[in-house]
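# Residue-level structure breakdown
One letter stands for each residue in the lines below.
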Amino acid sequence: MAAVTLSAPLEGKPENKIKVGDIFTFVDSKENPLANGKVISIDGDLLVISFVPSADGRSPKEGDIAVHLSLK
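Now for a description of the structure that goes with this document.

About the thresholds
- Every chain's residues receive numbers from 1 upward, in the order its sequence appears when written.
- Local features in a predicted model are, by the rule used here, given only for residues with pLDDT of at least 70; side-chain atom pairs are given and counted only at 80 or more, and totals for whole chains, interfaces and linings are based on all residues.
- Note that water and hydrogens are dropped before the side-chain values are worked out from all heavy atoms of the structure.
- Counting from the N terminus, the helices are the DSSP runs of H or I reaching at least four residues and the strands are the DSSP runs of E reaching at least two.
- Relative accessibility thresholds used throughout: buried, under 20% of the residue-type maximum; exposed, over 50%; partly exposed, between the two (1.4 Å probe, protein chains only).
- A 1.4 Å probe and the Shrake-Rupley method give the accessible areas. Residues count as covered only by the protein chains that appear here.
- The pairing criterion for strands is at least two bridges between them, as found by DSSP.

### Overview of the overall build of the chain
Across its full length, the chain holds zero helices and five strands. Buried residues in the chain amount to 22% of all 72 residues. Looking at the chain as shown, the accessible area adds up to about 5,200 Å², and 54% of this sits on carbon and sulfur atoms.

Below, the structure written as structure tokens:
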């Protein structure tokens, strides 16, 4: 599992808020995909994400980026 802190609060419409079950992709500084995960817990601006490293990836570490894309 990884703990992720939001860099900026999400404001606006309720459908823009991150929810338990939302999917994230972790990438390194060169935008190489490292792992995919799902939000399992939210506490304010802290997300707990259960992840699985990709085939050529690794576990996320400090300095990596967690990317969440919304279809809305």
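Back to the write-up after that little detour.
### Points about the pairing of strand β2 (residues 23-27)
Note that β2 and strand β3 (residues 33-43) share five bridges and pair antiparallel. Within β3, the position partnered with Val27 by the bridge is Pro33. In this structure, the hairpin formed by β2 and β3 is closed by a connection of five residues, where Glu31 is found at a positive phi of approximately 65°. Where β2 meets strand β5 (residues 65-67), three bridges bridge the pair, whose relative direction is antiparallel. The residue of β5 that forms the bridge with Thr25 is Val67.

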